Amino acid sequence: MNYTWIYYTTPVYDCYRLFERKWNMLLKARTEPQELRIWRCLNGRMELSSEEKQQYLNLKKGFEGECKFDTLIASQESKFLILHDLLLECNNNTFQIDSLLITEEMLIPFEVKNYEGDFYYQDDNFYTCSSNREITNPLHQLNRVETLLRQYLQKLGLHFSIKGFLVFIHAHFFLYQAPRNEKIIFSPQLDQLRKNLTSLPSRLSNQHQKLADLLIKGHISNYSHKKLPNYQYDWLKKGITCEVCLSFLTAISSRKMGCPKCRSHEKTEDAIVRSIEEFRLLFPKKKITTNIIYDWCKDVKSKKMIQRILKQNYKTIGRGQWSYYE
């Protein structure tokens, strides 16, 4: 008889229940990085330099590639434990694992790249064909992950075989003179990867679950090293940006706002709450007051509406003109 562990995403990691059928594989889902969310907000409210714009687009494209890989892995029959987007530290070195599969016999870390275009491999380095520019060798990144993950497990007193893969997820990526390295998986090989994973043994035990718990517990969620442009409140355009295309919304009525560019619509109250959260993301140390949110939202003419929404959705601190919200 086959069994499955159903994992409930609560703060307590030992909440499991045994059911018949199969393992529920996803223990740690991927979330959009805070860094990317900040970049998106800034992209809609200030002029980024060409270098900053490219950095934002690279970060955005990388996240999209990782999400695409998540979908591919999730589409097969659930039989392994999967943890996405792990950030761990070992011997004062942080290392990120895009996706980790815990199988019966081994751990499989994946380094996912969403590169597009033509590249070539020469003298253990990667180069772009268009400009002959050298880029960081992703195989070195994968080897570093394998080494640090092995050391991390040794410190925990655990011993698992580790075999990682470098996945080029984009269909329009080509690598000339590619090394004959079984660690590299190109887009046309993804179906074969899925078949190979399906054929792996899938008897998971409490030892596998213990490992997953320890890795989740060791995940660094508040890592603060972010490469962001300099910005200040006065430099940013004010108003409520469209959730779809980042253009600025205009009021259609007292209850609805619309985007003149993509024609999407949103309830005014929902748009204001979303804009308040954007303000909190960009300026975590600033106090949220009625006046500053009224200025931030700009095209919302009713200050009373702003105050009412703040009172309904946030905790009021203080009284009168000195009050603010958390």
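Residues numbered from 1 in each chain as written. Predicted model: local features only at pLDDT ≥ 70, side-chain atom pairs only at ≥ 80, totals over all residues. Heavy atoms only, no water.

(A) Structural context of the sheet that holds strand 8 (residues 125–128). Taken together, the 4 strands give an open sheet; going across it, the order is 9-8-7-12, and neighbouring strands pair in mixed fashion. Unpaired on one side and paired on the other, strand 9 (134–135) and strand 12 (173–176) mark the two borders of the sheet. (Pairing = 2+ DSSP bridges. Helix = DSSP H or I, 4+ residues; strand = E, 2+ residues; numbered from the N terminus.)

(B) Molecular detail of the nonpolar core. Counting residues in hydrophobic clusters, the biggest one holds 36 residues, and the most contacted among them are Ile272, Leu282 and Ile293. Among the secondary structure elements, those contributing two or more residues to this core are helix 1 (34–45), helix 2 (50–74), helix 6 (268–282), helix 7 (290–297) and helix 8 (303–313). The element contributing the most residues to this core is helix 6, with 6 residues. Among all residues touching Ile272, those that are not within four sequence positions of it are Ile240, Cys297, Val300, Met305, Ile306 and Ile309. Residues Leu88, Cys90, Phe95 and Ile102 belong to the second largest nonpolar core, which totals 24 residues. (Core = buried A, V, L, I, M, F, W, Y, C linked by side-chain atoms within 4.5 Å. Buried < 20%, exposed > 50% of the residue type's maximum accessible area, 1.4 Å probe, protein only. Contact = heavy atoms within 4.5 Å.)

(C) Expanded view of the confidence of the model for the protein chain. With 90% of its residues at a pLDDT of 70 or more, the protein chain shows a mean pLDDT of 88. Averaged pLDDT values over the elements of the protein chain bottom out at 32 in strand 2 (residues 16–20) and peak at 98 in strand 11 (residues 165–168). Taken together, the stretch residues 1–23 has pLDDT below 50 and engages in 53 contacts with residues farther than four places along the chain or on a different chain. (pLDDT = per-residue confidence, 0-100.)

(D) Molecular detail of the pattern of salt bridges. Applying the stated rule across the entire model yields 13 salt bridges. The salt bridge involving Glu66 is made with Arg30; its shortest N-O contact spans 3.4 Å. Of this pair, Glu66 sits in helix 2 while Arg30 sits in the loop between strand 3 (26–28) and helix 1, placing them 36 residues apart in sequence. You'll find Glu66 and Arg30 in the same group, each marked buried. Residue Glu277 pairs with Arg280 through a salt bridge whose shortest N-O separation is 3.1 Å. Remark: Arg280 and Glu277 occur in helix 6; sequence separation between them is 3 residues, near one turn of the helix. Taking the relative accessible area as the measure of exposure, Glu277 reaches 34% and is therefore partly exposed. Looking at Arg280, the relative accessible area reads 36%, which means it is partly exposed. (Salt bridge = Lys/Arg side-chain N within 4 Å of Asp/Glu carboxyl O.)

(E) Spotlight on helix 2. For helix 2, spanning 25 residues, the distance from its first C-alpha to its last is 36 Å, which sits close to the expected 36 Å at 1.5 Å a residue. By the burial criterion, the buried members of helix 2 are Tyr56, Phe63, Gly65, Glu66, Phe69, Asp70, Leu72 and Ile73. Where helix 2 is buried, its residues touch helix 1, strand 4 (81–90), strand 5 (93–102), strand 6 (106–113), strand 11 and helix 4 (190–198). (Expected span 1.5 Å × (residues − 1).)

(F) The arrangement of the environment of Pro229 in detail. Among the structural elements, Pro229 can be located in the loop between helix 5 (206–218) and strand 14 (250–251). Residue Pro229 is classed as buried on the basis of its relative accessible area of 8%. On a C-alpha basis, the gap between Pro229 and Ser49 in space is 9.3 Å, while along the polypeptide they are 180 residues apart. The contacts of Pro229, once residues within four sequence positions are left out, are Trp39, Leu42, Leu48 and Glu52.

(G) Focus on the packing of aromatic side chains. Applying the stated criterion across every chain yields a total of 22 aromatic pairs. Taken together through their ring pairs, the aromatic side chains of Tyr115, Phe119, Tyr121, Phe126, Phe168, Phe173 and Phe186 make up a single cluster. Over the ring of Tyr233 we find Lys238, and its NZ or CZ is 4.3 Å from the ring centre. Lying across the ring of Phe283, Lys286 places its NZ or CZ 5.9 Å from the centre. (Phe/Tyr/Trp six-rings, centres within 6.5 Å; stacked < 30°, edge-to-face > 60°. Lys NZ or Arg CZ within 6 Å of the ring centre and 35° of its normal.)

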